[in-house]
Amino acid sequence: MLSLGTLAFAAPGMLALLLVLPVIYWLLRLIPPLPRLVRFPAIRLLIGLEPSEQTPMKMPWWLLLLRLLLATFLILAVARPLLNPQAELPGKGPLLIVMDDGWASAPGWTTRVAHAERLIQSAERAGRLVALIGTAPLPLDAPTARKGALRPDETRTILRAFRPKPWPTDRANAVNEIDQLKLDPSAYVVWLSDGLEGPGADKLVDRLRKFDGLRVVLPDAAATPLLLLPTNPEGRDLKVAALRPVADGPRKTAVEAADEQGRVVARIELDFPAASTRGEGILRAPPELRNRMIRLDLEAQGGAGSTVLLDERNRRRPVSILGEQAAANGQPLLQEVYFLEKALDPYVSLSVGDRETVLNRNTAVLLIPDGATPSATDRDEIAKWIERGGVAVRFAGPNLAAGGADKLVPVPLRLGDRALGGVMSWGHPAALAEFPPNSPFVGIPIPKDVRISQQVLAEPTPDLADKTWARLTDGTPLVTGEKRGQGYLVLIHTTANTSWSNLALSGLFVDMLQRLVTLSRGVAGDGVNKSLKPWRVLDGFGKLGAPPSGAQMLPPDADRTFTPKPTTPPGFYGDENAQVAFNIGGHVAPPQPLALPAGVATDRLSEGGETDLSRWCLLAAAILLLIDLLLSLWLRGLLPRAVRIGRAAPVALLLGLAAIAIPRITQAQTQIQAQIQAQVQPQTVAAPAPDKPGPPPLTDEQALKGSLDTRLAYIVTGDKEVDDLSKAGLEGLSEVLRNRTSVEPADPVGLDLDKDEPRLYPLIYWPITSTQPNLSPRASASLDRYLRTGGILFVDTRDQQMSFDRSANGNPDLKRLLSAIEVPPLIAMPPDHVLTKSFYLLSEMPGRWAGGKLWIESGNGRVNDGVTTIIIGSNDYAGAWAVDQRGRGINPVMPGGETQREMAFRVGVNLVMHALTGNYKDDAVHLQDIMQRLRR
């Protein structure tokens, strides 16, 4: 490779062809241009005439220079010029690329792959073999790839199949795989690291240093991975925290909470103090909204490590306490309700009342203190409620001990109670034994100072051991439970206050009650802390999907002992009714910066690199060849008479072409303007009826702007943020149309319906906001005329969910704003509608959100050959289309990321093509029948 500063040539030998340019010059000088063709007239017309133009004996100098430039660009193209060339790889042996592809590599993954592509390209120019190896264990369903030093094109194919894994790297195992490759010691190694310390990192560095050379590439500070931790309750709110490897100054990052459909329902910011690696924030949300959340995601990060899945442990379930009778002495601190409220109030939505009150509510768990003394009718109703899926937790006490067994106990009880301490007892208060394996309390630490002084004993039965969830050190049951129908009945054999034990004063009491609350959705299985099968798992980019074949069940103690790996990836474990979240955060070590020994060369990941100028040289050669062809035709007199302008320079040829085009364009402008004025003028002059105001006056500038160029339009809402987003979204969609279709839209236009004429635009986007005022009579009349004359109105409620019934369940702002115009009956868009195939074949219509439906006019439409005049969606399409100046999305797209953004652009293309071409795609299905009839 020949390097000349910022310019280099990958095939410098081809530059020797420049020596042939003098020969080409000499040949071009010897070969005159072809003679000019002239139609031969009658002889008598030539008498006494001298030809005004003659064919030159030699080629004109400007044509000679043009062809020399053409030859020069062709020679430069085959010499492969490179701008900002990458340095050649050291050494002569093969290239070994070691790539960290664990959870921490997801941020900046495209940059990592681009860097590896440039390395492979450098090895390809040098004719060296390339070996590629990842440091994370392979997924269970990964195809078997060839290993060892391969040709660069083969390695490039393997690289493009690489994806980040949702588990940590195993660098010690990577050392073993490198040993199995048996590479030549002269190999040069580049380690594309994720920048984090981890087990086996020192062993990997020592092994790589045994090769001829080593360079470690580290990510930039902007691509440094953050680890989102599982949430902790903070009173009625959730505390969200994340970790970063290095405390490099103050920093803020956003966290989004999403529901099952991927809709963002809450957003907070985490603050990293300047000298801390931990950032925290408080997520405040009402119980109804908090119970809908299934995941938290770090904004602009992407990856399994920046995602936390939420399960029942993070939700505030509705819990009711059956109100007990007032204490005889009137002291509230002695009542069991007081201790239950203090234990659960920060974590659940709590209420207190009688049986009729609490069971008529949407109650998930019912706590029955001994002082409540439910009647026989109450016990029957509560038993039926348990069968339907409720969870009842009953506490023992003097009332239960005196009344004996009834329907609200899971095991038969002995009459009376057992005292374990005091003046009339020989024993001492008993401590708790370890929880049995079948207990939902497994894993909760037991304080040593918790003592039970009095309890209600259970009668010995064959199944007592299976129903015992907690016992004392002497083996007697403290908590028993059983599944009844779809619910659970649990009995705690002591009181909920301090009269029989000090359990209510300990943190163990709070933890046990929280575990029992989780039974309201069956999180703990059939009352047993058992292994759970995988239901939905995360991939390396943080997207939920089906588990791979061979995935194993999650053991009960996974929260304490497990690390995500290929057999148990992070995700939801359980079934469609109840799941447990298994996250990366909290199950991997806190991120620490990678420590490298002295003397190891380092570099930074970067998107930029060398630019191959060969294609530009070929493009320049092609343009010069086209110009040469036009000039040759001109010299021979084969162009139209309008461009025969004599022996002028090539610039004259361009002037001739402009002389042809400009009058025609001017004539077309005049005709179009006259047509528009003829159509609009009667409506402007005539006095509008009082109930249907006329359209606003149309100026010449508006007519030309809307008719000479195809433009997309949006209705101005008055909300600057929404209007700016609408404009950016339509600009992004217009750019996609210009790049992919024959449509060349100009810049989008914002419409004020009281001032602007909408009929100049084929498609109008209308975002719905709660602050928009009702349409004025002029605006509503203008929209009605627009719909009657064939325009398409695309309404976007941007609320991710909507209903079009006439009840109060519909979108109130949508109903309010559309009430002023004539809206035809609407139906959900059928799967075979022409909108799904007007350009792309689509099965879904996502925007920034996914899952919402499109609603269209029922039947075949009123005008425009059956094309629907109004389309209503809810997925915030402009938010997905909006891009910045570099073509990157402004807003995150959930849950599908950039793949979903691409599908949203395709939805927009289909909408525009449907507005411009109508239903011709539907007509095409009859083409075969039409052709058969023509053949007859």
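Residues numbered from 1 in each chain as written. Predicted model: local features only at pLDDT ≥ 70, side-chain atom pairs only at ≥ 80, totals over all residues. Heavy atoms only, no water.

**Details of helix α8 (residues 336-344)**
Taken residue by residue, α8 has Glu336, Val337, Phe339, Leu340, Ala343 and Leu344 as its buried positions. For α8, the angular spread of the buried residues around the axis is 165°, confining them to a single face. (Buried < 20%, exposed > 50% of the residue type's maximum accessible area, 1.4 Å probe, protein only. Helix = DSSP H or I, 4+ residues; strand = E, 2+ residues; numbered from the N terminus. Arc of directions from axis to C-beta.)

**Description of the sheet that holds strand β6 (residues 188-192)**
Spatial ordering of the open sheet is given by β5-β4-β6-β7-β29, a layout of five strands whose pairing is parallel. The sheet is open, and its two borders are formed by β5 (130-134) and β29 (601-604), each paired with just one other strand. Neighbouring strand axes in the sheet, compared pairwise and without regard to direction, differ in orientation by 20° on average. Bridge analysis of strand β4 (residues 95-99) against β6 gives five bridges, and the strand direction is parallel. Considered in β6, the bridge of Met99 is made with Leu192. Against the sheet, helix α4 (residues 152-160) contacts β4 and β5, and its axis sits at roughly 20° relative to β5. Across the sheet, helix α5 (residues 171-181) is in contact with β4, β5 and β6; its angle to β5 comes to roughly 155°. (Pairing = 2+ DSSP bridges. Axes fitted to C-alpha atoms, helices over the stretch in contact; angles between N-to-C directions. Contact = heavy atoms within 4.5 Å.)

**Remarks on the packing of aromatic side chains**
Counted according to the given criterion, the structure contains nine aromatic pairs. Aromatic side chains Phe794 and Tyr877 sit 5.3 Å apart centroid to centroid with 55° between the ring planes, which places their arrangement in the tilted category. Taken together, the positions of Phe794 in strand β34 (residues 792-796) and Tyr877 in helix α21 (residues 877-881) put the pair 83 residues apart, joining distant regions of the chain. Phe794 sits in the buried class, given a relative accessible area of 2%. With centroids separated by 5.1 Å and ring planes inclined at 70°, the aromatic side chains of Phe839 and Tyr840 adopt a geometry described as edge-to-face. Taking the relative accessible area as the measure of exposure, Tyr840 reaches 17% and is therefore buried. The ring of Phe162 is capped by Lys165, whose NZ or CZ atom sits 5.4 Å from the centre of that ring. Its guanidinium or amino end placed over the ring of Trp535, Arg536 lies 4.8 Å from that ring's centre, counting from NZ or CZ. (Phe/Tyr/Trp six-rings, centres within 6.5 Å; stacked < 30°, edge-to-face > 60°. Lys NZ or Arg CZ within 6 Å of the ring centre and 35° of its normal.)

**Describing the sheet that holds strand β31 (residues 713-715)**
Taking strand neighbours across the sheet as the criterion, the seven strands line up as β32-β31-β33-β34-β37-β36-β35 in an open arrangement whose pairing is mixed. In this open sheet, the two edge strands, each paired with only one partner strand, are β32 (749-751) and β35 (826-828). Within the sheet, the average angular offset between the axes of one strand and its neighbour, ignoring direction, is 25°. Relative to strand β37 (residues 870-873), β34 is paired through four bridges, and the arrangement is parallel. Paired with Val795 across the two strands is Ile872, which belongs to β37.

**So, helix α2 (residues 61-78)**
Over its 18 residues, α2 runs 26 Å from end to end, which matches the ideal 26 Å to within 8%, given 1.5 Å per residue. Those residues of α2 that sit buried are Trp62, Leu63, Leu64, Leu66, Leu68, Leu70, Ala71, Ile75 and Ala77. The first or second residue beyond α2 is Arg80, which carries a positive phi of 55°. (Expected span 1.5 Å × (residues − 1).)

**So, the confidence of the model for the protein chain**
On average, residues of the protein chain score 81 in pLDDT, and 78% of them are at 70 or above. When mean pLDDT is taken per element in the protein chain, strand β15 (residues 307-309) scores highest with 95 and helix α16 (residues 650-685) scores lowest with 44. This model gives residues 668-691 a pLDDT under 50, and the stretch forms 17 contacts once residues within four places in sequence are excluded. Across residues 802-809 the pLDDT falls below 50, and counting only partners more than four positions away or on other chains, this stretch makes 17 contacts in the model. (pLDDT = per-residue confidence, 0-100.)

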